[in-house]
Every structure is written in C-alpha cells, then in structure tokens.
Amino acid sequence: MPPKRRGPLQTVQRETDDIKRKVDALVQNAAKPDASDRTEILERCKELQRAVEEIMRTLKKLSKADEPAPVGNYDQCKREEEKRLLTLHERLQSLALQLQPHDETAGPSSSQTDQESKEENSDEDDESSEDEDAEEEVQDDYDDDDDDNDNADSGDEDIGPTATGQGSVSYIALSAFAGEEEGDLSIQKGEVLKVLSKNKDGWWLAQNSKGQNGLVPKTFLKTSSPQDGERVNEDEDEGESEEEEEDPDIKSSKTSNWNTVRKAVTEIDATDVLSAMGAIPPGFRPSTLSRLLEEGRSYRVSHFIQPKLSQSQLSFKDLHMDPDTGKVHGRPSRVSLILTLWSCRMIPPPGVGLQVLSRHVRLCAFNGTQVLSNIHTVRATYNSKSPKTWSFSPRITGMLPCLLDGDCFLRWDSESPDLGILFELGVTYIRNSTGERGDLSCGWAFLKLFDESGAPIALRTQELTVHGGTPFEKDTDMDATSTKRGYPTGVFQQMLLSRKIPKLVVKLKSVNTRSRELLNLLPDTIVGSLSTIHLLATYRQILADALLLDRVTMYNADLICSSVLASFPDVLDQPDLMDAFRKSWTESESNLRRSDKRDINVLKQMFVSVYMGSVFPLLYSAEMPAPCWADEEVESQRARIIYSPSQKTSVETLLSSQCSHQAFDITQVTYDLISSAQH
C-alpha cells in the first residue's frame, strides 16, 4: 500500500516541530556556564531565524485549496502555526541579543545607526523590488491623502524619504501594532514616529527613533505638532548629556511628550478608537446619513410629504387642483422609477467587540455635494452562515413590513447633471465593554442616473462597487489589506480580486401606468417604500381638499382642524405604525366593491375612518413607548401594544377610564400651514 501523501500544512507543521527542537537545544547550550564559543552559537541562532522566516513566508502562501484532502479547522490550524513560528522567532531574537558582544549591545552612535538602517533598507529593497517601486510612486502622491486635512500644516508638505527630523511631522502611535508580514514596522502605544511617505491604500512608510523603517496602518497614528516633536528631540539630547542633573526645567520638558500623547488620545472619536482596536475595518466611518436624520425633520419623509410654497409664498408649487375633476392635478417629474434592493456581497463584518443591532441601507437623491431628498431606510436580513452577505425583502407569512421591503419608489425633479442615488450601507452597534451605541457606515455606492449627454441610463440590474469612507472621500478601500502590496496585474488574479470587492446589487424598473398615476400625485421630490404609495397619494388628496377647496380664501393661514393632516406625517416616521395602518387599510379595502376602489371620495372617507380607528389612538397612547431605532426591547413592546386584540378601538374604549392617553395638545388636532409647508 503506497504511503499517504502529506499535505502542505502538515509539512509546515513537521518543519516547525524540527525547528522547535533545534531552538530548545540551542537555548540549553547557550545557558551552560562553559559555553565558550558564543560566536558559533550566535551564527547558529541567525540561521534558525532565517529558517523560521522562510517557513513563515511559505505558510502565508498556503490556502485550503492546496491540500490534497479536506482538513478540518484549516484556518484555526494555520493561525496556531503562525503563533508557534512567531514565538520561536521572538525566542531567537532575544537569544541573539544576549549573545551579542558587549560593545555592540552598548548601543552604536547615531551615525552608525543611520548607516546600518540604510544598509538594512537597501537589503530589503534588493529582496523585494516591487515594494520599492510602490514606495517611490507613493512619495509622489503623499499629499493626496485626505485623512489629515484637519491636522495638516506646513511641515506636512515636506514629508518624504529624504526629509530630516526638523522638516517632517511627528506622529504618535494610538495603539500597539505587531507587524504581521515582512516589511511591517512593529510599534508600541505612545511611540513617536516619522512618516516618510503616505500610501493611498492606508499603509504609511514610517521610521521609529531607532532608525528602523516599515509599513504602519495610518489608523494607528495621530498627528502631533512640529513643536512637540522638536521638544521630544531636545529632551533626548538633554537626557544624554546631563544624565546626573535634576533641573526642574528638564523635568517639565520630559513630561511634554506624554501631555501630547494624552491630548491626542482624548481628542479622537469613537470610530478612531474602534479602528485602532481592530474592531472595525479601516474603511468604516461614522454614518453620514444617520447624523442628518438625527439633526431634525429636514431629511425625513414627514417633511417632504408637505406641500411646497411657491416663490411668492402665496400659492403652492407642487399642489394643484384639477377644476374639471376636483382631483389633484398630476405633475410629472424628471426622475420617476422603481428600485429594488437585491443584495450586498463581501461586506466586511465588525469585530467581536461589537454587537450589531441592525444592518441597513439608507438611500437618497445626491448630486455629489449635497442630499436633495428625504433619506429612506431599508433594513437588511443577515445569515450567520454568510456573514459578508446582506439580503432584502425576506419571504415571510403575511404582510411584509415596509422597513424590510426592498422595493422603493424614487421621484425627483432636480435639474442637476450629476443627479444620482446615494446608497449608504450602515450598521447600528453597541459596544460590549461600555454599552455605548453608535451608527457606522460600512461603505457607500453612487449610481448616476444620467450620462454625459444628459440621457437617462438604462433601467436594468446594476452591480455597484461599495467604497470605504464617506461620499466626500475618494479612493478609500473597505479593507486596506487587499491593496497593501499593490494591485495584481494578471488577468486571473484580477478576476479573483473582483470577486472579493464589496458590491451592492440593485435593479431599476420602469413604472407601470397605475403606479405612475399615483406617483404624479406626490411631491416633486420624495423617496419611500412602494407598499405605501397608495396611502401617500390618498393623503395628498385630503390635503388638497383642505388647502385648496375648504379654505375661505387662498390668503387665509388660520389653523385647520384636522387630526389626519396634523398627525399623519408623524406616522410616516414610525414604520411599525405604518404597517398597522396598511394592515387595517387592506382589511377594509377587501370589503369594498370594485367600483368603490376607484372612487376617490370613497377612498378618502375610508382613509379618515381607518386612520382614526387604528393608528391615531396608538400614536398618542400613554402606554406606547417612544420609538427607538434598532432597540429590540422597545420594538417588541410597541408590537405587543399595536397588535394586541384589546387594541380594537371604538368610541367606548376611547372614552373608558381604562384607556390612558398623553396629555392633550392642540397640535394633535390642528394643522398649521405656515410651520408645516416647505419654504
């Protein structure tokens, strides 16, 4: 029977075992008091170091596909082997320091250190010419990096491979970083570094105080002022020349470096901390669209559903009545289409230190500089078996909640040539250690709706690349590790890389006749769930009756007594109440005759009746907790109250002592045209 073939990983494990036995024997020989030939032991130590580095390079190139037979827990075994090799390398490094002659360990002069570092750098450049070429290209593009715009000064412009200490900007390490590959520079927290060149992929070439050069992630660094760097150098010079003196001025100068580090650490935000900890990928940022939603109602659908006043402030720009039919006059817009969110692929998940409460996509109209519409949110579903894949519109029994509905309508009337759809992929998280909540952007994508000639793009399935950073940053990757060593040049390698790039898949569809009639009744600019379009259109009909027919004169701005007009915009901002309204509407609509379903007067009466009997009491119920985004406990409490059988509202239950409501406010039943309309 032929012997069983050994896999590559098993071969590496056997080689590591052999190296470990040799290291143990070498350490025992060096520990003997009669170990006379220390030079020979030192040479043997260096040979073992080179052997460990060679095995480490071989291990990093291995993949599961190289194995001749399936291997259980392959990734875990590979990580354990890497840890064993790193441990052996550290043991050999410490042993080499112990075996060095006394004159070498005493510390070379600064000129010798610089000469040795130059020789080491030249050797490394000879070994990897590709890295040298990449660094030379980066030196020409260092000023394109946009992460240091707030901290940039005149000294930052002189950073380069030949820059001196006085002309370069010092950076402080926010956290310790252990080099994982050849060419990386291991740093400690609080260590002061000089950046020689900045790479767009997020890996910067830095130099420490010992003259060692290597690549460091930019998220681990924080800029310090040039004065602080000069102060640190002065402290080192004074410490070498006046070791025995204890001048108070020198003491205060020595503490200046720590004050700089402490100030830098306290000024960073939560995202910088999470990035330095490795809890989030480098391309994650604080959510831009979530911050806009928190600022007020300016970017919510409750604001954009309101009529817009004309330039004279005496009439409405987007709300007109057809005198022949008594209905709202339909207004076509420049963009009127339906969009379906299909899936997101290869989205890097956050680290283990964060608990994800919600994965979602926010979309809006965008022209490259500003948001032009309300921000619509669709929550994604997640399967732990595919942690990098998001999906939408799950198959469930009953009515699909509008928050999970991936079918959206878009209606925009902007004349901007750069008009398009901005997608922001986000997560709402809570930190396990502190309980702090936050919103992160996992990346963004932009779909321009018109080509260079002004013609609309084809309505088809679009596969959009998800970029890291924010919409105002350029060329920021989701994960810097993929471009750390440059982009592959081979066709096959490019095909493999393209499959790992984060993508958002959406489908653009034309609007059918019935949906187009309803869309033309809506404001010129609005985004929403397709399942609510008929309710929005009916509300606009009721709004037009109150503003264009029932007012005494067109110049009258008195309060309008209408609970529907006053409170329905607030319901639009609460998806669970909208789902309850849709459910009650569907039940009532099923009892109508076919002719009544097309009668706008019947639909308006049913709208008021269903709304006042189902949603309005819930909106101002004292038992109903205030909505809180991505809070599972609050959402469960609200669902129990909304869909409880005892919530079947009638006049008797509303007037009973067992039914509690919020304190009465005049705004609950009156519509203020001046404050509600868009100006």
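Please read these numbers as outputs of a predicted model, since none were measured by experiment.

A. Focus on the pairing of strand β12 (residues 407-412). Taking burial as the measure, the six residues of β12 include five buried ones, the bulk of the element. Relative to β12, strand β7 (residues 335-345) is paired through six bridges, and the arrangement is antiparallel. The residue bridging Ile338 from the neighbouring strand is Phe409, located in β12. With four bridges connecting them, β12 and strand β17 (residues 526-529) associate as antiparallel partners. Residue pairing in the sheet places Cys408 in a bridge with Ser529 of β17.

B. The arrangement of helix α17 (residues 575-589) in detail. With 15 residues, α17 should reach 21 Å at 1.5 Å per residue; the first-to-last C-alpha distance of 20 Å fits that figure. Those residues of α17 that sit buried are Leu577, Met578, Asp579, Ala580, Phe581, Arg582, Ser584 and Trp585. Looking at the buried positions of α17, the neighbouring elements they touch are α15 (533-549), α16 (563-572), α18 (600-619) and α19 (632-642).

C. Seen up close, the nonpolar core. Counting 54 residues, the largest nonpolar core has Phe568, Phe607 and Tyr611 as its most contacted members. For this core, the secondary-structure elements that each account for two or more residues are α14 (513-519), α15, α16, α17, α18 and α19. Among the elements that line this core, the one with the most residues is α15, at 11 residues. Look past the residues within four positions of Tyr611 in its chain and what remains in contact with it is Ser563, Val564, Ser567, Phe568, Val571, Phe581, Phe616, Pro617 and Leu619. The next biggest cluster of nonpolar side chains, apart from the first, holds 39 residues, and it includes Leu274, Leu363, Ile421 and Cys442.

D. Inspection of the packing of α17 against α18 at higher detail. Remark: α17 packs on α18, axes separated minimally by 10 Å, with the N-to-C direction vectors making an angle of 140°. In terms of their interaxial angle, α17 and α18 are classed as oblique. Both α17 and α18 take part in a crossing whose hand is right-handed. Taken together, the residues of α18 that come into contact with α17 (itself represented by Leu577, Phe581, Ser584, Trp585, Ser588 and Glu589) are Leu603, Met606, Phe607, Val610, Tyr611, Ser614, Val615, Leu618 and Leu619.

E. Just the packing of aromatic side chains, in detail. Applying the stated criterion across every chain yields a total of 16 aromatic pairs. Ring plane angle 70° and centroid distance 6.0 Å describe the contact between Phe366 and Phe472, whose orientation is recorded as edge-to-face. Separated by 106 residues along the polypeptide, Phe366 in strand β8 (residues 354-366) and Phe472 in the loop between β15 (461-465) and α13 (491-500) bring together distant segments of the chain. Exposure remark for Phe366: the relative accessible area of 4% places this residue in the buried category. Relative to Tyr620, the ring of Phe616 has its centre 5.3 Å away and its plane inclined at 70°; by these criteria the two rings are edge-to-face. Under the relative-accessibility criterion, Tyr620 is labelled buried at 12%. The rings of Tyr539, Phe568, Phe581, Trp585, Phe607, Tyr611, Phe616 and Tyr620 are connected pair by pair, giving a single aromatic cluster. Above the face of the Trp204 ring, Lys198 is positioned so that its terminal group lies 5.0 Å from the ring centre. Its end group placed over the ring of Trp629, Arg362 keeps NZ or CZ at 5.2 Å from the ring centre.

Analysis parameters
All residue numbers refer to positions counted from 1 along the written sequence of the respective chain. Predicted model: local features are reported for residues with pLDDT of at least 70 only, side-chain atom pairs are reported and counted for 80 or more only, and whole-chain, interface and lining totals are derived from all residues. Note: side-chain values were computed over all heavy atoms of the structure, leaving out hydrogens and water. Residue burial is assigned from relative accessible area. The probe radius is 1.4 Å, only protein chains are included, and a residue is buried under 20% of its type maximum, exposed over 50%, and partly exposed in between. A run of H or I in DSSP becomes a helix once it reaches four residues, and a run of E becomes a strand once it reaches two; helices and strands are each numbered from the N terminus. In this analysis, strands are considered paired if DSSP registers two or more bridges between them. Helix span, as expected, comes to 1.5 Å for every residue beyond the first. Contacts: residue pairs with any heavy atoms within 4.5 Å of one another. Think of a nonpolar core as a cluster: buried Ala, Val, Leu, Ile, Met, Phe, Trp, Tyr and Cys residues, connected wherever their side-chain atoms sit within 4.5 Å. Only the contacting stretch of a helix is used when fitting its axis, a line to C-alpha atoms as for every element, and angles between N-to-C directions run 0 to 180 degrees. We call two directions roughly parallel when the angle between them is under 35 degrees, roughly antiparallel when it is over 145, roughly perpendicular when it lies between 65 and 115, and oblique otherwise. Whether a crossing is left-handed or right-handed is set by the direction in which the near helix is turned from the far one by less than a right angle, anticlockwise for left-handed and clockwise for right-handed. For this analysis, a ring pair means two rings from Phe, Tyr or Trp (six-membered ring only for Trp) whose centres lie within 6.5 Å, classed as stacked if their planes differ by under 30 degrees, edge-to-face if by over 60, and tilted for the remaining angles. Criterion for a charge above a ring: Lys NZ or Arg CZ within 6 Å of the ring centre, and within 35 degrees of the ring normal.

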